[in-house]
Amino acid sequence: MEFIILLHNELYNKKNKQDLKKKVKQEGFERITCSFYKYMPLQNIEDLRDQLYISWNNLDILGRIYISNEGINAQISIPEHNIETFKNNLYLNESFKDIHIKPAIKDGTSFYKLTIKVKKEIVAYKVAPNEYDMNKVGTHLNYKEFNKAIDDGAIVIDVRNYYEGEIGKFENAIIPDVDTSIELLPEIKKLLRTKEKEKILMYCTGGIRCEKASSYLLHNGFKDVNQLRGGIVQYANDIKKYNEKSKFIGKNFVFDHRLGERITDDIISKCHQCTLETDTHTNCANQACHILFIQCYKCSKKYLRCCSQECSDFIKKPKDEQQQIFREGKIQFTAQKSMSIKPKLKNIKNN
Ligand SMILES: [Zn+2]
Ligand SMILES: [Zn+2]
């Protein structure tokens, strides 16, 4: 149903979003984007959600937060002048008093509104609760320990979706061929079958996905499970700070408008349309399709930033004609395009 929602946003909520963007752009202060997460038992989630919303809204905080009975996962943008107040308020809450707030980047345009959602899980793995125990997670390694373990021949596994590992990964890491978190843990278990006694190194973007993943592996009989503390983001900071050679190559995929942060100059992926070496992710410019794919600058020009001829033909039509086509249910881009891009993607991978 994704295409309907996206079309809806495009055609009915766009002005609203533009207004929100404008409001943020006209603010007379700087914003800091930061993130934090923690697995811990939380009670009275609905009340907590409301409390956090009121308190953060008063501080003009924007961002996306998930809370659940198992913890919190937050990406937020805070006005610079409110950072201290925010931290003090957060640490007053017994549950959050030792939470680590990630090194901040100055980027005023990361979020335009505040959304706090109550979820079943803070990362939607959907594995049964008897398949892990959050009191037993993997050993956290810093960049140095992680590098050493790689040199010593440990198995490295990427705890992200395929499209993330496609543009950047640790050298020789295993990249699971999955598109969603729901598929990820069973696939990792399958890929590591017979390696239960070996040293396993896990990594993800910021560390949160490895928490439950490492617990799941331990529960499934793996003996030596380790994870990169603070994920690729922390690793990249440390490598730079201590002037070490990065064993992570290419780009770190990020979920904001940038879609990737360059870590090294290596380009490890190809354009999905013409196979030219490139690692620029883009969402199809046809809002009704919006598929995420890798596109070179030539194809971007040729297809008007669309994933296919069909999508670029569609966006050339007048808006009311596009709406008409949708109302009549004639086209469902998302389903079709996922299927047509994916085999191509697999071919590239096998080369
Ligand atoms: Zn191309
Ligand atoms: Zn498309």
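Residues numbered from 1 in each chain as written. Chains lettered and ligands numbered in written order. Predicted model: local features only at pLDDT ≥ 70, side-chain atom pairs only at ≥ 80, totals over all residues. Heavy atoms only, no water.

1. Comments concerning the overall build of the chain
- Counting secondary structure elements, the chain contains twelve helices and 14 strands.
- Within the chain, the proportion of its 351 residues that are buried is 48%.
- By sequence separation, contacts in the chain at least 24 residues apart represent 68% of the contacts at least 6 residues apart. (Helix = DSSP H or I, 4+ residues; strand = E, 2+ residues; numbered from the N terminus. Buried < 20%, exposed > 50% of the residue type's maximum accessible area, 1.4 Å probe, protein only. Contact = heavy atoms within 4.5 Å.)

2. A look at the coordination of the zinc ion (ligand 2)
- Coordination of the zinc ion (ligand 2) by the protein involves Cys 284 (SG), Cys 289 (SG), Cys 307 (SG) and Cys 311 (SG), with metal-donor separations of 2.3 Å.
- Here the zinc ion (ligand 2) binds four donor atoms, and the angle range of 106 to 116 degrees at the metal identifies the geometry as tetrahedral. (Donors = N, O, S within 2.8 Å, 3.2 Å for Na, K, Ca; no water. Tetrahedral: all angles 85-135°; square planar, octahedral: opposite > 155°, others 65-115°.)

3. Remarks on the layout of surface pockets
- Of the volumes computed, that of the second largest pocket is approximately 320 Å³.
- Lining the second largest pocket we find 15 residues, and of these Tyr 37, Lys 38, His 100, His 140 and Glu 211 sit closest to its centre.
- Broken down by element, the lining of the second largest pocket gets its largest block of residues, four residues, from strand E1 (residues 31–39).
- Across the lining of the second largest pocket, the residue classes break down as five nonpolar, five polar and five charged. (1 Å grid on protein atoms, 1.4 Å probe; cavity = no way out; pocket = protein on both sides within 12 Å on 5 of 7 lines; lining within 4 Å. Points joined across faces, edges and corners; volume = space filled by probe spheres on them. Nonpolar A, V, L, I, M, F, W, Y, C, P; charged D, E, K, R; others polar.)

4. Some remarks on the coordination of the zinc ion (ligand 1)
- The protein atoms that coordinate the zinc ion (ligand 1) are Cys 271 (SG), Cys 274 (SG), Cys 296 (SG) and Cys 299 (SG), at distances of 2.3 Å.
- Considering all four donor atoms around the zinc ion (ligand 1), the spread of angles at the metal, 105 to 114 degrees, places the coordination shape in the tetrahedral class.
- In primary sequence terms, the donor set of the zinc ion (ligand 1) follows C-x2-C-x21-C-x2-C.
- Look at Cys 271 and you get buried, because its relative accessible area is 0%.

5. Thoughts on the environment of Gly 138
- Mapping Gly 138 onto the fold places it in the loop between strand E5 (114–118) and strand E6 (139–141).
- On the basis of relative accessibility, which here comes to 7%, the residue Gly 138 falls in the buried class.
- A C-alpha to C-alpha distance of 8.6 Å links Gly 138 and Leu 217, two positions 79 residues apart in sequence.
- Once residues lying within four places of it in the same chain are set aside, the contact partners of Gly 138 are Ser 214, Leu 218, Val 225 and Gln 227.

6. What about helix H8 (residues 231–241)?
- Those residues of H8 lying buried are Gly 231, Ile 232, Gln 234, Tyr 235, Ala 236, Asp 238 and Ile 239.
- The inward-facing, buried residues of H8 contact helix H4 (143–151), strand E8 (168–170), strand E9 (199–203), strand E10 (224–228) and strand E11 (248–252).
- At the C-terminal side of H8, Asn 243 shows a positive phi close to 55 degrees.

7. Topic: the packing of aromatic side chains
- As enumerated under the stated definition, the model contains ten aromatic pairs in all.
- Seen in terms of ring centroids, Phe 170 and Tyr 203 are 4.7 Å apart; in terms of plane orientation they differ by 70 degrees. Their pairing is edge-to-face. Of the two residues, Phe 170 is situated in strand E8 and Tyr 203 in strand E9; the sequence distance between them amounts to 33 residues. The residues Phe 170 and Tyr 203 share a single accessibility class, namely buried. (Phe/Tyr/Trp six-rings, centres within 6.5 Å; stacked < 30°, edge-to-face > 60°.)

8. As for a positive patch on the surface
- Among the surface-exposed residues, Lys 17, Arg 64, Lys 113, Lys 117, Lys 119, Lys 120 and Lys 126 lie close enough to one another that they form a single positively charged patch.
- Considering the arrangement of structural elements, one finds Arg 64 in strand E2 (residues 62–68). (Patch = residues over 30% accessible without salt bridge, like charges linked within 9 Å, V, L, I, M, F, W, Y side chains within 5 Å. Areas by Shrake-Rupley, 256 points an atom, 1.4 Å probe, with all protein chains shown as cover. Salt bridge = Lys/Arg side-chain N within 4 Å of Asp/Glu carboxyl O. Lys, Arg positive; Asp, Glu negative; His and termini not counted. Charge placed at Lys NZ, Arg CZ, Asp CG, Glu CD.)

9. Observations regarding the sheet that holds E8
- Strand order in the open sheet formed by three strands is E8-E11-E12, and the pairing between neighbours is antiparallel. Single-partner strands in this sheet number two, and they are E8 and strand E12 (261–262).
- With two bridges connecting them, E11 and E12 associate as antiparallel partners. The residue of E12 that forms the bridge with Lys 251 is Arg 262. (Pairing = 2+ DSSP bridges.)

10. Looking at the confidence of the model for the chain
- Residues at a pLDDT of 70 or more form 87% of the chain, whose mean pLDDT is 87.
- Every residue in residues 1–13 scores below 50 in pLDDT, and together they form 18 contacts with partners more than four places removed in sequence or on other chains.
- Confidence drops under a pLDDT of 50 for residues 335–340, and excluding neighbours within four residues, the segment shows eight contacts in the predicted structure. (pLDDT = per-residue confidence, 0-100.)

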